[in-house]
Amino acid sequence: MSTQMQHAPAPTPARRKSITASPYFVYVLVSPLFFILLAYVIYPLYETFIASVNVDEEITWKNYARFFSLEHTANLEALWTSIYISILSVITCGIVGVTMAFLLERYDFPGRKILSVLALVPMALPPLIGVLSFTFLYGESGIFPRAIKELFGLAQVPFSLKGFWGVVVVHTFTMYTYFFMTATAAIKGLDPSLEEAAANLGANRFTVWRRVILPMLTPAMIASSLLVFMVSMASYTAPLIFGIDRTMTMQIYLSRTNGDLDMAATQSTILSVVSVAFLLIMRWYQGARNYQNLSKGVSVHRTEIKSKAGRTITMVLSFIATIILMLPILVLVLISFSVDGTWTVQILPPQYTLEHYIDLFTDSKTWRPIANSLQLSAVAVIGIVLFGVAAAYAMVRLNFKGKTLMDVLIMLPWALPGTVVAVNLIAAFSEPTVFSFNQVLIGTFWIIPLAYFVRHLPLVFRSTSATLMQMDPSVEEAARNLGASWWYSFRRVVFPMAWGGILAGTLLAFVQCIGEFVASILIFTPRTMPLSVAVYQRMYSFEFGTACAYGVLQIAVIIIVLFLSRKVAGDKVNTAV
Amino acid sequence: MSSVTLDHVHKRFGTAKGVEDVHIHIESGEFFTFLGPSGCGKTTTLRMIAGFYYPSEGNIRFGSQDVTDLPPHKRNTGMVFQNYALFPHMTVFENIAFGLQVRKVSKTEAKERVERIMGLVRLEGYGERRIDQLSGGQQQRVALARALVIEPQILLLDEPLSNLDAKLREETRFEIKRLQLELGITTIYVTHDQAEAMSMSDRIMVMQGGVVQQIGTPHDIYHAPVNRFVASFIGETNLWTGTVVAVEGDEVQVRTSSGQLLCGLRKNASPLSRIAVGESVLMSIRPESIQESLVSEGENVVTGTVEMAEFTGACVNYVAQVGSEPLRSMSINLGRPIKQRGASIGMHIPKESIYFAE
């Protein structure tokens, strides 16, 4: 082989490269990101662990021995209850979510369209508000049990939602959407010609289901199962309101309030280990599964229900489903107009007023938590956006070792229960540290935004990296080729193109912050009491009207924001988490 | 306009080889093509010229300026990307004007220049269109206009025609060549399509597996391929192996592996080939140089059986089995009857059209 050289230039020795051309320059760029993760994710986890093994100035495992001891089984029971509730939640959510997805995707019946929108309503309920509306509706003094008692003249309420099953029902209602959304996407991606091919090869309807449809949905189902399990393990509000003390999150809360801080740290560490294990399994699984939507742009053929009886039955059923989905919001709206303290033994609140809504914006004491929440969330969201966009850009566009580590570290606090995040932050920042600029953060304004930042970090990161991944890297190269500096092309090309994803993630992060309760309840101070904590306190002083007015306000904000983010980013928002 | 020199340029990605020892000088105003199959390193080389990769070894110069370490935005090259890489959030006008805005060209001058270039690529009146309202061919012309409007020293084209349909590809090929001739701009063109490379280029560099195989004019590369790869990659050819049995003056007698005796000319030998009695050689014989012979005996006449006869109107193509080797021929349709499959056929291989490649 030869290279026919014509104007062969004399070789010149290689010179030293400029700093930016160095392959190590990228580490200078990503080091601040790692520093933030170290300071606010790793360090708090580490401090909690240290607190759990460091008893009276000596390193010991006795807290762990106490946790797993068979004499005082409270902790083991809590662990078992948490797991049991989570498994049941996965099963019930799976059944409800997948069935709904199939019915709505594959069949056409009266009321289908409205139902497919309303199916997402549970997403609009902040955790605390969702649980409260369920107790108002189906609890021991709830509207339904009382109405039936009155109607049939019973001495006792015939049924009521409480305890263990209350938690499972609330979980099902609030978490089936994870299954519903992934199943819907998977069913949409199923190529109908595959089923036709199977039928053509002689498979009957049952075989088609068993051999073709279900196997193709398996990856989506497993991913959602892991997700629901994790969210259930982290659930705190439902056990709190239904009074199930023996769950991991409640045990942590109780240990803290009883002053048993070592034990709280131990329980947190154990729950962290469980959550992190699940996060890693989930990541591994998502990496291992192959995406099966090979064919694109297939239209799903919906089977229309034609028989008269069928139409009537489906109409009634979808009417009932609509009612069930709407009731939590309707009941909150209803109670938000009730006069505080008047609703005692009646089925429905007896007296109504507009006062609570007027108070929200005019009474400074009532307005205060709203202002707090807006302020706390705004601060947190600014941090989330700056970090999320930078991290997403680094992950998608830069080439460096430690990408997987960074991804895991960003997702980690999202996998951790809010209770654990709060306990970690308390462990880390109740003393001055380098990471807090030598300040004690506990008891200040800054601790809550920090908790929000850590908990909702992945939202902007995820949605932005999804948009960046769809963006052809050569577009940015074209800008650079035309003479734009890195910053100019980021400002004029990358940012405007990723804007939809960034905004969607930002809005989502904002509503999550506004609704945050689990971490807030452990770290708020009277001066920085956020909205959801205010709801909780009003509830306990029987000011149902005001509490619900707060709730309705939160839901309104969430619905507006979800609507806006769907407008700007299409359906991508759904895949943000 | 500027010449481009790649001085023993290597690029490695980690331990994987990218490009090895590319050493070329592209003249100012030249239309130079990097040709090769995918993964041959042609795009890597182009991206080093654009500044998206830095060479692991070696230097790159534009004219006398060393640009080896210069970031892409300081190189003043105009690049057309394979998928055009147009900014989807900007109009046609904004896309084309982008490079001028970066260069802080005054609004009035920018407008004038954008309009001039839009005329040149026949996009008048499309300024306010959004990118997704354009056809593929129009998007291609926007990409070209955007690269040309900044008056680059060098125009870089990365498979610019691969996303167009066949007819449009031909039209655009003429268009690009016309613009290049009109503007006299140094152009580096990357393609895997040898017909494109042959028809447009002043010179072609054929690459494979990160290694340069041959650099030369389209004529050289077609008629004097240096090795088996180049011979088979450029156009269609018959590759026969054989052993030299006699060398008499300029004439070389070869016994092919299927037993035919052929006579070729020594001047048609690649520097890589060894012409001496007993040496084995690789011969490249272009199908269009082979003629159907009316006599079945004679110098350089071989006989075989027709495996396939193809009538395309203008041409008659045969695949004949000669001994153990197939032989493709392609001749202008002169109205002779077409031989059917299984018939015996005589082929004349002119001695000046046998090229000894290896």
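Residues numbered from 1 in each chain as written. Chains lettered and ligands numbered in written order. Predicted model: local features only at pLDDT ≥ 70, side-chain atom pairs only at ≥ 80, totals over all residues.

Broken down by element type, chain B carries eight helices and 20 strands. Based on the C-alpha atoms only, the size of chain B along its principal axes is roughly 75 × 45 × 35 Å. The proportion of buried residues among the 358 residues of chain B is 43%. In chain B, 66% of the contacts between residues at least 6 apart in sequence involve partners at least 24 apart. (Helix = DSSP H or I, 4+ residues; strand = E, 2+ residues; numbered from the N terminus. Buried ≥ 20, exposed ≤ 12 C-beta atoms within 10 Å, placed from the backbone. Contact = placed C-beta atoms within 7 Å.)

Time to look at the nonpolar core. If you look at the biggest cluster of nonpolar residues, it comprises 246 residues, and the most contacted ones within it are I384, L425, A451 and I523 of chain A together with A145 and I188 of chain B. Counting residues per element, this core draws most heavily on helix α20 (residues 486–515) of chain A, at 14 residues. Looking at which domains feed residues into this core, each of domain 1 (4–228) and domain 2 (236–356) of chain B supplies at least three. Ignoring sequence-local partners within four residues, the contact set of I384 of chain A consists of F453, H456, L457, L459, V460 and A509 of chain A. (Core = buried A, V, L, I, M, F, W, Y, C linked by C-beta atoms within 7 Å. Domains from an automatic or database assignment.)

Mapped onto the present numbering, the UniProt feature "domain: ABC transporter" (unreviewed entry) falls at residues 4–234 of chain B. For residues 4–234 of chain B, the end-to-end C-alpha separation is 25 Å, with 36% helix and 26% strand making up the annotated structure. (UniProt positions renumbered as here; feature names shortened; annotations may be inferred.)

Another aspect to go through is the environment of A309 of chain B. All names here are of chain B. As for its placement among the helices and strands, A309 is situated in strand β16 (residues 301–311). Residue class for A309 comes out partly exposed when judged on the 16 C-beta atoms lying within 10 Å of it. The contacts of A309, once residues within four sequence positions are left out, are Y318, I338, K339, Q340 and R341.

Attention shifts here to the UniProt feature "domain: ABC transmembrane type-1" (unreviewed entry) in chain A. Residue and element names in this part refer to chain A. Cross-referencing UniProt, the feature "domain: ABC transmembrane type-1" (unreviewed entry) maps to residues 79–282 and 370–565 in the present numbering. Note that residues 79–282 is 79% helix and 1% strand, and that its end C-alpha atoms are spaced 21 Å apart. Along residues 370–565, the helical share is 78% and the strand share 0%, with 22 Å between the first and last C-alpha atoms.

Residues and elements named next belong to chain A. Locating S232 in the fold gives a position in helix α9 (residues 205–234). C-alpha of S232 to C-alpha of V167: the two residues are 65 residues apart in sequence and 9.6 Å apart in space. The contacts of S232, once residues within four sequence positions are left out, are I85, S86, S89, H171 and M175.

Take the packing of helix α2 (residues 92–102) of chain B against helix α3 (residues 107–120) of chain B next. For any two helices packed against each other, the geometry is given by the interaxial angle and the distance between the axes. Residue and element names in this part refer to chain B. Across the interface, α2 lies against α3 with an axial gap of 10 Å and an inter-helix angle of 125 degrees. In terms of orientation, α2 and α3 fall into the oblique class. For the element pair α2 and α3, the recorded crossing hand is right-handed. For the pair α2 and α3, contact is made by F93, I96, A97, L100 and Q101 and by A110, R113, V114, I117 and M118, respectively. Across the contact of α2 with α3, the residue classes break down as eight nonpolar, one polar and one charged. (Axes fitted to C-alpha atoms, helices over the stretch in contact; angles between N-to-C directions. Parallel < 35°, antiparallel > 145°, perpendicular 65-115°, else oblique. Left-handed = near helix turned anticlockwise from the far one by under 90°. Nonpolar A, V, L, I, M, F, W, Y, C, P; charged D, E, K, R; others polar.)

What links the strands of a sheet is backbone hydrogen bonding, and the strands pair in either a parallel or an antiparallel sense. Residue and element names in this part refer to chain B. With antiparallel pairing, five strands are arranged side by side in an open sheet as β13-β12-β11-β14-β20. Both edges of this open sheet fall to β13 (261–265) and β20 (354–356), since each of them pairs with a single strand only. Taking each pair of neighbouring strands and ignoring which way they run, the sheet shows an average axis angle of 45 degrees. Both strand β11 (residues 238–248) and strand β14 (residues 280–285) contribute to a ladder of six bridges, which runs antiparallel. Counterpart to N238 in the pairing with β14 is I285. (Pairing = 2+ DSSP bridges.)

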